[in-house]
Amino acid sequence: MTTAMKGQHGPAGSLEELALSKLDSLQRSDRRRSLRTMSRRAGAIVNSGTAELVSFACNDYLGLSHEPDVIAASIEATRLYGVGAGASRLISGNHPLYETLERRLAELKSTEDAIVFGSGYLANVGVIPALVGLRDMICLDELSHSCLLSGAQLSRSALMPYRHNDAGHLESILESQRSRHRRCLILTEGVFSMDGDLAPLPELAELAARYDAWLYCDDAHALGVIGNGRGAAFAWTPPAHVPLQMGTLSKAAGAYGGYLCATRAVCDFVRNRARSLIYSTGLPPGTIAAAIKSLEIIASGPAVLDRPLALARLFTRLTGLPDAVSPIVPLIIGDSRATLEASAALERRGMLVPAIRPPTVPAGTARLRIAFSAMHGEDQVAELARHVRELGILA
Ligand SMILES: *Cc1c(COP(=O)(O)O)cnc(C)c1O
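Criteria and thresholds
Residues numbered from 1 in each chain as written. Predicted model: local features only at pLDDT ≥ 70, side-chain atom pairs only at ≥ 80, totals over all residues. Heavy atoms only, no water. Helix = DSSP H or I, 4+ residues; strand = E, 2+ residues; numbered from the N terminus. Buried < 20%, exposed > 50% of the residue type's maximum accessible area, 1.4 Å probe, protein only. Contact = heavy atoms within 4.5 Å. Areas by Shrake-Rupley, 256 points an atom, 1.4 Å probe, with all protein chains shown as cover. Pairing = 2+ DSSP bridges. Axes fitted to C-alpha atoms, helices over the stretch in contact; angles between N-to-C directions. Near = heavy atom within 4 Å. Polar contact = N/O pair within 3.5 Å; in protein donor to acceptor, adjacent residues only side chain to side chain. Patch = residues over 30% accessible without salt bridge, like charges linked within 9 Å, V, L, I, M, F, W, Y side chains within 5 Å. Salt bridge = Lys/Arg side-chain N within 4 Å of Asp/Glu carboxyl O. Parallel < 35°, antiparallel > 145°, perpendicular 65-115°, else oblique. Nonpolar A, V, L, I, M, F, W, Y, C, P; charged D, E, K, R; others polar. Phe/Tyr/Trp six-rings, centres within 6.5 Å; stacked < 30°, edge-to-face > 60°.

(A) Summary view of the overall build of the protein. The secondary structure content of the protein amounts to 13 helices and 14 strands. Seen along its three principal axes, the alpha-carbon backbone of the protein occupies a region of about 70 × 55 × 50 Å. In the protein, which comprises 395 residues, the share counted as buried stands at 51%. Residue pairs at least 24 apart in sequence account for 70% of intrachain contacts in the protein once pairs closer than 6 positions are excluded. With an accessible surface of roughly 18300 Å², the protein has 54% of that area assigned to carbon and sulfur atoms.

Printed below as a string of structure tokens:
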């Protein structure tokens, strides 16, 4: 019997063999992941099987996903308009609520216009390839989120990663490479999702102006918690000039969906070109209504906006770490197995703190990622700090 005739047992092995051998190698390097069922409740509590845990594992920084007014808005829109959008926004899925949502986003970000996508991931893989292509270059922070990289790869532009938050390194790349390419995009996160630090946006904006490049900031972890809720560009005085402000409605806004805030012309162009907008179904009306209500709450500037960062600072003070600058505090351990063990030890004490391993973070930098939310009490933060000290996690 020839190899071809053996069908599934070709030279590359069977589908089963592929899956099992790959899973085995992930297991051996402590990189295998699995889905756990978690039921989230108000007040930063999750139920996992029989255990009830205090969660430091959630991006719902303001607790808006459980805010009664947000829930009510979502239910009412669902009753009125149904569960699903039924079609792409460009066909018949462009629900009237979109106009309100996009106006609210543009107001919050002080831009002319905004365009809402199905998710933050879809925004990044749609917008980036709409703006740059084969003859262009993209400089991106080496710690950029995976979907920024996916968008950059889809664009087929030349990719030039620069060292994390290192404007000097970015400048040297621009100096030697910029003239060889037509257009240039600089990609960064505003608050880095796994490190919690801020990008030096004013310096990046200055380089963008000097080298004729466009600055694109992914504000997923800044909206609602940094810059009086308006995002990372507004953490600076005067605010940094960021012509492309992208983000998500799934974190502090507590709902779902992604967005780009920019000029009217840029948004209109993206509406015409972004494949992930054109060829994907619109958001459910209930989700749009929830996001509108959340943005209304954020824009009203309640005191609660400062709480996640204040709690993160309380934690860093209690543990002797450098002052937190965002609600995300990483405890870098290095080894994946040791990180998994630290996470399990905290869980035995009732605290859910996820282990983040490569390839989400660079090799050798596995960490616990602590996310503080307005829903946490000071007592819960102090308790977490005590457990971290007692378990010798920072030693
Ligand atoms: C979560 C996240 C995204 C993706 O947003 P979704 O709406 O969840 O798809 C994009 N960028 C960054 C930096 C993120 O942390």
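(B) Local environment of the sheet that holds strand β5 (residues 137–141). Spatial strand order, β4-β10-β9-β8-β7-β5-β6: 7 strands in an open sheet with mixed pairing. Taken across any chain shown, the strands that pair with only one partner, and hence form the sheet edges, are β4 (113–117) and β6 (158–162). The mean inter-strand angle of the sheet, taken between neighbouring strand axes irrespective of direction, is 20°. Pairing of β4 with strand β10 (residues 258–262) involves 5 bridges; the strand directions are antiparallel. When the sheet's bridge partners are listed, I115 is paired in β10 with L260.

(C) Up close: the site of the ligand. The environment of the ligand is made up of 13 residues, and the closest members are G120, D218, H221, T248 and K251. Residue Y121 places a main-chain N or O atom 2.9 Å away from an oxygen atom belonging to the ligand. Between H221 and the ligand, the recorded distance is 2.7 Å, taken from a side-chain N or O atom to an oxygen atom. Here the ligand, which alone exposes 380 Å², has 88% of that area covered by the protein.

(D) Geometry of the pairing of strand β7 (residues 184–189). With 6 of 6 residues buried, β7 lies mostly within the body of the structure. Where burial is concerned, the two faces of β7 agree: the one with C184, I186 and T188 and the one with L185, L187 and E189 are both buried. Taken together, the 4 bridges between β5 and β7 define a ladder with parallel strand orientation. When the sheet's bridge partners are listed, I138 is paired in β7 with L185. Alignment of β7 against strand β8 (residues 214–218), held across 5 bridges, turns out to be parallel. Counted as the bridge partner of L187 is Y216 from β8.

(E) A look at a nonpolar patch on the surface. Taken together, the side chains of L20, L23 and L26 present a nonpolar region at the surface, about 240 Å² in accessible area. Mapping L20 onto the fold places it in helix α1 (residues 15–28). Note on L20: relative accessible area 54%, which makes it exposed.

(F) Region of interest: the sheet that holds strand β13 (residues 355–356). Spatial ordering of the open sheet is given by β11-β14-β13, a layout of 3 strands whose pairing is antiparallel. At either end of the open sheet lies a strand with only one pairing partner, and these are β11 (328–334) and β13. Sheet topology places β13 next to strand β14 (residues 366–371); 2 bridges connect them, and they run antiparallel. In the sheet register, I356 faces β14, and the bridge partner there is R367. Its contacts with the sheet place helix α12 (residues 336–348) against β11, β13 and β14, and it is angled at close to 35° to β14.

(G) Here's a closer look at the packing of helix α6 (residues 167–177) against helix α7 (residues 201–210). At a minimum axis separation of 10 Å, α6 and α7 run at an interaxial angle of 10°. With respect to their mutual orientation, α6 and α7 come out roughly parallel. Counted together, A167, L170, E171 and L174 of α6 and E203, L204, L207 and R210 of α7 form the full contact between these two elements. Across the contact of α6 with α7, the residue classes break down as 5 nonpolar, no polar and 3 charged.

(H) Up close: the packing of aromatic side chains. Applying the stated criterion across every chain, the model contains 2 aromatic pairs. With a centroid separation of 5.7 Å and an interplanar angle of 70°, the aromatic rings of F56 and F372 are classed as edge-to-face. Of this pair, F56 sits in the loop between β3 (51–55) and α2 (68–81) while F372 sits in the loop between β14 and α13 (378–390), and the two are 316 residues apart along the sequence. Considered together, F56 and F372 belong to a single accessibility category, that of buried residues. Ring geometry for F315 against F372: centres 5.4 Å apart, planes inclined by 45°, an arrangement best described as tilted. Residue F315 is found in helix α11 (residues 307–319), and its partner F372 is found in the loop between β14 and α13; the two are separated by 57 residues along the sequence. Judged by its relative accessible area of 0%, F372 falls in the buried class.

(I) Looking closely at the environment of Y61. Mapped onto the fold, Y61 is located in the loop between β3 and α2. A relative accessible area of 0% means that Y61 is categorised as buried. Among residues more than four places away in sequence, those in contact with Y61 are H221, V225, K251, A252, P308, P327, I328, R369, A371, F372, S373 and A374. A polar side-chain atom of Y61 sits 3.4 Å from a polar atom in the side chain of R369.

Interpretation note: all reported values are geometric properties and have no functional meaning in isolation.
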